[in-house]
Amino acid sequence: METLLNDFSPGLFVMQTVLLIVLILLMVKFAWKPILNSLSEREEGIQGALDAAEKAKLEMQNLQADNEKLLQEARSERETMLKEARDIKAKMISEAKEEAKDEADKMITQAQAAIEGEKKAAIAEMKATVATLSLEIAEKVLNHELSDKEKQLQLVDQMLGKAKLN
Amino acid sequence: METMIPNLVGAGIIVIGAGYGLGKIGGSAMEAIARQPEAANKIQTAMIIIAALLEGLAFGALFLGK
Amino acid sequence: MHLFRGFYLLFHYFCARIRQALFFSKEAMKISNYSIKFFGVLLTCLLTINVFANESTVQEQQGDERISTKVEIEEYILHHLKDSHDFHLVSYTNDAGERVHVGFPLPVILYGNNGITTFMSSEFHHDSDGKVIVEKNGNRFVNYHGKIYELEAGATELALDAEHHPVNASKPLDLSITKSVFGILIAGLLMLWFFSSLARQYKKRNIPKGFGRVLEPLVIYVRDEIARPNIGEKKYKKFTGYLLTVFFFIWILNLMGLTPFGFNVTGQIAVTAALAVFTLIIYVVSGNKDFWGHIFWMPGVPILIRPILAIIELVGTLIIKPFSLLVRLFANISAGHIILMSLIAIMINLKADLGPIGSTALSFGLSLFIFVIELLVAFLQAYIFTMLSALFIGMAVAEHDHEHEHDAHGNEVADAEDIRENFI
């Protein structure tokens, strides 16, 4: 302890104190303050950049989610549209089928009616023609036949004979 | 020289005590680091602080006796 | 002896080569000019250390004032550990048999009974036995064992008592630019130069280049590993300037102590005492209510014990903490210097046993080993001083925003944090 106290130099203590105060003041003013400010500025800059990147990433994610949602919506819309279209198609087809069937039925009926009419007309015409023809034939035959008296008589006989048989 | 003998004996005892303490600190720190390598930095800092305090004590005692 | 002359020549050859290399590299690559210069200086310093030591110890073997016995070596080492008034590098005896001291005098500034007196230390003619009396403004001064005494009126020469203490002289306040003050000035200028140039670099670019790139991580290290964790996120900014200054101040001075210039600034107890007192003043002034509350009226202990604890805490805070700070730094650096110089002295002590080559090789190997350890200690002691300062400041400004739990008797229950604080 004695050596320790003996080695202690008050003058050096005073000089060291004064010099250290001056040194601290100078260092704080000319070195530490600008250095630490620049460092924290730089760190804040880096932090800011990182935050911005994080934010951009989040935004991107949001955007992607939005896109996904829109896509989903579009997809479902398309689905519904397609379904509707399919329904409409089916409906149209069935309607068309119905209509066509109706039309066809109608046409068939008409056609049948027309055929019937035609048939009747044809039959009637045929009847008339046949009557006329038969009359003409009959006339000719009669004329022809009547020209040959014997034969006529024979025929009459035959016919009478047949009629009797009937 | 003869008057120095008690001082030297005292210094020896101090050094034994300080050495034991430092050994214990170092050993425990090593064990702790081995158990938890991820906390090595914190353990080292604490180890250095405690070793420094012990060293200060030992030096204080040595110089008081000088 | 030829061996050492050989060393000496070799050293000069290396110096010349380095200078040459520096010159050419400067011409050839202007880009890395600074770093090469820096490393050149570093290399030169490292090369000189042992050679210079060899010079001084070996050449003092010749002549009248040679140092060759163990007692003389011990005296020489103790003399080195003390502050001195002149800057002494090397002494040798020339061919004419005269003792030549290489170095330069430093100004002596004394505040004695008759005010301030200044003169150059060369007026003592390297005397430290109190024989040369310097007379200025009617005051007479002698240099006795590195300390300057002012003789009382009427005394013609320094008288000593049985324990070699001067009896007819008083100690003036010695404000001289001693070797240590000179070292402090150099360290301060180096710091100002290094760090103001680093600060100026930030105006031009974001990331410093050259030597600043080495300094910047150190600054960040002190801020993030020492100041911030120990003081706390909120308050560390106020104290970072002090901690940074002290860290680099101690580190640079510790390293200067390892150069062959023979500074022993951080091994001066007055210097470490001033540093410790700074820390003490800072944590006493910035201590908050909780800090003083925990000293004078420790919560969580029985009332009867509290006054006793208050005394212990007060002594611990005001005396033991700064004392351990100052003694640790002083003792570590002094011990390092003593060990290094003793190992260099092996060269002389064991010369008879091992021969010149063996003793030199042994001394060189051991001192190189200790030198490397001392390089580590130089950093470690700066780190520990700063670390403990930060810790003490942090304890003084810590906020206790947590509520203490109360037990059935209304006493506060100490939680783990309090216990830890008391322990530290």
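What you see as residue numbers is a count from 1 along each chain, following the sequence as written. As a convention, the first chain written is A and the first ligand written is 1, with the rest following in written order. pLDDT decides what is reported in this predicted model: residues at 70 or higher carry local features, side-chain atom pairs at 80 or more are listed and counted, and totals for whole chains, interfaces and linings draw on all residues regardless. Neither water nor hydrogens contribute to the side-chain values; these are computed over all heavy atoms in the structure.

**Student:** I'm lost on the overall build of chain B in this one. Help?
**Tutor:** Where helices and strands are cited, they refer to DSSP runs of H or I of at least four residues and of E of at least two residues respectively, numbered from the N terminus. In terms of helices and strands, chain B carries 2 helices and 0 strands. Relative to the globule expectation of 11 Å for 66 residues, the C-alpha radius of gyration of chain B, 15 Å, shows a markedly less compact shape. Overall, the C-alpha framework of chain B stretches about 55 × 15 × 10 Å when taken along its three principal axes. In chain B, which comprises 66 residues, the proportion classed as buried is 24%. Here the globule rule reads 2.2 Å times residues to the power 0.38, and the radius of gyration is calculated from C-alpha atoms. Burial classes: relative accessible area under 20% of the type maximum marks a residue as buried, over 50% as exposed, and values in between as partly exposed (1.4 Å probe, protein chains only).

**Student:** Would you explain the sheet that holds strand 8 (residues 169–170) of chain C in this entry?
**Tutor:** Two strands in a sheet stick together by hydrogen bonds in their backbones, pointing the same way (parallel) or opposite ways (antiparallel). Residue and element names in this part refer to chain C. Across the sheet, which stays open at both edges, the 4 strands sit in the order 5-6-7-8 with antiparallel pairing between neighbours. With one partner strand each, in any of the chains shown, strand 5 (134–136) and strand 8 form the two edges of the open sheet. Any two strands with at least two DSSP-identified bridges between them are counted as paired. The pairing of strand 7 (residues 147–151) with strand 8 spans 2 bridges and is antiparallel. Directly across from Leu 151, in strand 8, lies its bridge partner Ala 169.

**Student:** So what exactly am I meant to see when it comes to the environment of Phe63(B) here?
**Tutor:** With respect to the helices and strands, the residue Phe63(B) is situated in helix 2 (residues 40–65). In this structure the C-alpha to C-alpha distance between Phe63(B) and Ile25(B), which are 38 residues apart in sequence, comes to 23 Å.

**Student:** Could you clarify how one ought to interpret a negative patch on the surface in this entry?
**Tutor:** Within this analysis, patches are made of residues with over 30% relative accessible area and no salt bridge. Like charges are joined at 9 Å or less; nonpolar side chains (Val, Leu, Ile, Met, Phe, Trp, Tyr) at 5 Å or less. Per-residue and other accessible areas were derived by the Shrake-Rupley procedure at a 1.4 Å probe size, with only the shown protein chains allowed to occlude residues. The salt bridge definition used is simple: a Lys or Arg side-chain nitrogen within 4 Å of an Asp or Glu carboxyl oxygen. Working convention for charge: Lys and Arg count positive, Asp and Glu count negative, and His plus the chain ends are omitted. Each charge is placed at NZ for Lys, CZ for Arg, CG for Asp and CD for Glu. Together, Glu95(A), Glu98(A), Glu99(A), Asp102(A), Glu103(A) and Asp105(A) make up a negatively charged patch on the protein surface. For Glu98(A), the position within the fold is in helix 2 (residues 10–147).

**Student:** What should I look at first to understand the UniProt feature "domain: V-ATPase proteolipid subunit C-like" (unreviewed entry) in chain B in this one?
**Tutor:** UniProt positions are given in the numbering used here, feature names are shortened, and annotations may be inferred rather than shown by experiment. As recorded in UniProt, the sites labelled "domain: V-ATPase proteolipid subunit C-like" (unreviewed entry) are residues 11–61 of chain B. Segment residues 11–61 of chain B splits into 92% helix and 0% strand. End C-alpha atoms: 8 Å apart.

**Student:** Sorry if this is basic, but what is going on with the pairing of strand 2 (residues 99–105) of chain C here?
**Tutor:** Residue and element names in this part refer to chain C. Of the pairings in the sheet, the one linking strand 1 (residues 86–93) to strand 2 comprises 7 bridges and is antiparallel in character. Residue pairing in the sheet places Thr 93 in a bridge with Arg 99 of strand 2. Linking strand 1 back to strand 2 in an antiparallel pair, the connection comprises 5 residues, with Gly 97 at a positive phi of about 85°.

**Student:** Explanation requested: the nonpolar core in the structure shown.
**Tutor:** Burial of nonpolar side chains together is a common tendency in soluble globular proteins. By size, the foremost hydrophobic cluster in this structure holds 85 residues, and its most contacted members are Trp32(A), Ile35(A), Met191(C), Phe195(C), Val219(C), Phe248(C) and Leu275(C). Tallying contributions element by element places helix 6 (residues 236–257) of chain C first for this core, with 14 residues. By definition, residues are in contact when any of their heavy atoms lie within 4.5 Å. Contact partners of Phe195(C), with chain neighbours within four places excluded, come to Met27(A), Ala31(A), Trp32(A), Ile35(A), Leu215(C), Val219(C) and Phe248(C). Take the buried Ala, Val, Leu, Ile, Met, Phe, Trp, Tyr and Cys residues and link them wherever side-chain atoms come within 4.5 Å; each set so joined is a nonpolar core.

**Student:** Help me understand helix 7 (residues 269–285) of chain C in this model?
**Tutor:** Every α-helical turn comprises 3.6 residues, leaving residues that sit three or four positions apart pointing alike. Helices are assigned an expected span. That span is 1.5 Å times one less than the residue count. Taking 1.5 Å of rise per residue, 17 residues should cover 24 Å, and helix 7 of chain C covers 24 Å from first to last C-alpha, within 8% of that figure. The element helix 7 of chain C is largely enclosed, with a buried count of 13 among its 17 residues.

**Student:** It is not clear to me how the pattern of salt bridges should be interpreted in this structure. Could you clarify?
**Tutor:** Enumeration over the complete set of coordinates arrives at 7 salt bridges over all chains. Notably, a salt bridge pairs Arg228(C) with Glu233(C), separated by 2.9 Å at the nearest N-O pair. Taken together, the shared-partner salt bridges connect Glu43(A), Arg223(C), Asp224(C), Arg228(C) and Glu233(C) into one network.

**Student:** Just to check I follow, could you spell out the side chain of Gln16(A) for this structure?
**Tutor:** Positionally, Gln16(A) belongs in helix 2. What makes Gln16(A) buried here is its relative accessible area of 0%. Among all residues touching Gln16(A), those that are not within four sequence positions of it are Ile184(C), Phe249(C), Val271(C), Ala274(C) and Leu275(C).

**Student:** Please clarify how the packing of aromatic side chains should be interpreted in this entry.
**Tutor:** Whether two aromatic rings pair depends on their centres lying within 6.5 Å, for rings of Phe, Tyr and Trp, where Trp uses its six-membered ring; planes under 30 degrees apart make the pair stacked, over 60 edge-to-face, and the rest tilted. Inspection of the entire model under this criterion finds 24 aromatic pairs over all chains. Aromatic pair Tyr242(C) and Phe278(C): ring centres 6.4 Å apart, planes at 10°, arrangement stacked. Of this pair, Tyr242(C) sits in helix 6 while Phe278(C) is found in helix 7, placing the two residues 36 residues apart along the sequence. Of the two residues examined, Tyr242(C) and Phe278(C), each falls in the buried class. Three or more aromatic residues joined by ring pairs make a cluster, and in this case those are Trp32(A), Phe195(C), Tyr221(C), Phe247(C), Phe248(C), Trp251(C), Phe379(C) and Tyr383(C). Its guanidinium or amino end placed over the ring of Phe30(A), Lys29(A) lies 5.1 Å from that ring's centre, counting from NZ or CZ. Criterion for a charge above a ring: Arg CZ or Lys NZ at most 6 Å from the ring centre, at most 35 degrees from the ring normal. The side chain of Lys321(C) reaches across the aromatic face of Tyr283(C), ending 5.5 Å from its centre.

**Student:** Sorry if this is basic, but what is going on with the packing of helix 4 (residues 179–204) of chain C against helix 5 (residues 212–231) of chain C here?
**Tutor:** In helix packing, the relevant descriptors are the interaxial angle and the interaxial distance, both defined with respect to the helix axes. All names here are of chain C. Working convention: axes come from line fits to C-alpha atoms, limited for helices to the stretch in contact. Angles between N-to-C directions cover 0 to 180 degrees. At a minimum axis separation of 10 Å, helix 4 and helix 5 run at an interaxial angle of 95°. Between helix 4 and helix 5, the angle is such that the two are roughly perpendicular. Each of Phe 194, Phe 195, Leu 198 and Tyr 202 in helix 4 lies in contact with helix 5, whose residues at this interface are Gly 212, Leu 215, Glu 216 and Val 219. Residues are grouped as follows: Ala, Val, Leu, Ile, Met, Phe, Trp, Tyr, Cys and Pro are nonpolar; Asp, Glu, Lys and Arg are charged; all remaining types, including Gly, are polar. Split into classes, the residues belonging to the contact of helix 4 with helix 5 amount to 6 nonpolar, 1 polar and 1 charged. Throughout, the term roughly parallel applies to angles under 35 degrees, roughly antiparallel to angles over 145, roughly perpendicular to angles from 65 to 115, and oblique to all others.

**Student:** How should the packing of helix 9 (residues 305–349) of chain C against helix 10 (residues 351–397) of chain C be read in this particular structure?
**Tutor:** Residues and elements named next belong to chain C. At a minimum axis distance of 6 Å, the contact between helix 9 and helix 10 shows a crossing angle of 170°. By the angle class used here, helix 9 and helix 10 are roughly antiparallel. Across the contact of helix 9 with helix 10, the residue classes tally to 18 nonpolar, 9 polar and 4 charged.

**Student:** Just checking my understanding: could you explain the side chain of Arg306(C) for this structure?
**Tutor:** Tracing the backbone shows Arg306(C) in helix 9. Leave out the neighbours within four places in its chain, and Arg306(C) touches Phe296(C), Trp297(C), Met298(C), Pro299(C), Gly300(C) and Val301(C).

**Student:** Help me understand the sheet that holds strand 3 (residues 107–112) of chain C in this model?
**Tutor:** All names here are of chain C. Here 3 strands make up an open sheet; going across it, the order is 4-3-9 and the pairing antiparallel. Where the open sheet ends on each side, the last strands, each with one partner, are strand 4 (115–120) and strand 9 (173–174). One ladder, built from 6 bridges, connects strand 3 with strand 4; its direction is antiparallel. Residue Pro 107 lies in a different strand from strand 4, and its bridge partner there is Met 120.

**Student:** Before we go on, may I ask you to explain a nonpolar patch on the surface in this structure?
**Tutor:** Together, Val14(A), Val18(A), Val22(A), Leu26(A) and Phe30(A) line one region of the surface with nonpolar side chains, adding up to about 370 Å² of accessible area. Locating Val22(A) in the fold gives a position in helix 2.

**Student:** Hey, could you run me through a positive patch on the surface in this one?
**Tutor:** A surface patch of like charges, here positive, comprises Arg200(C), Lys203(C), Lys204(C), Lys209(C) and Arg213(C). Of all the elements, helix 4 of chain C adds the most residues to the positive patch, at 3 residues.

**Student:** I'm lost on the UniProt feature "transmembrane region" (unreviewed entry) in chain B in this one. Help?
**Tutor:** Residues and elements named next belong to chain B. The UniProt record marks residues 7–23 and 43–64 with the feature "transmembrane region" (unreviewed entry), using the residue numbering of this structure. Secondary structure content for residues 7–23 is 100% helix and 0% strand, while the C-alpha to C-alpha distance between its ends is 24 Å. End-to-end, the C-alpha atoms of residues 43–64 are 31 Å apart, and along that stretch the chain is 100% helix and 0% strand.

**Student:** Which parts of the structure should I look at to understand the interface of chain A and chain C?
**Tutor:** A common measure of how large an interface is: the accessible area buried when the components associate. Counting from both sides, the interface comprises 33 residues of chain A and, opposite them, 47 residues of chain C. Both faces combined, the contact of chain A with chain C buries some 3,400 Å², and carbon together with sulfur accounts for 79% of it. Seen at the junction of chain A and chain C, the total is 2 salt bridges. A salt bridge links Arg223(C) to Glu43(A), with the shortest nitrogen-to-oxygen separation between them at 2.8 Å. Throughout, the accessible surface (probe 1.4 Å) given up by two parts as they are put together, summed over both, is called the buried area.

**Student:** Would you explain the environment of Ala163(A) in this entry?
**Tutor:** Residue and element names in this part refer to chain A. With respect to the element layout, Ala 163 can be found in helix 3 (residues 149–165). Note on Ala 163: relative accessible area 49%, which makes it partly exposed. Put simply, Ala 163 and Glu 116 are 47 residues apart on the chain and 37 Å apart in space, counted from C-alpha to C-alpha.

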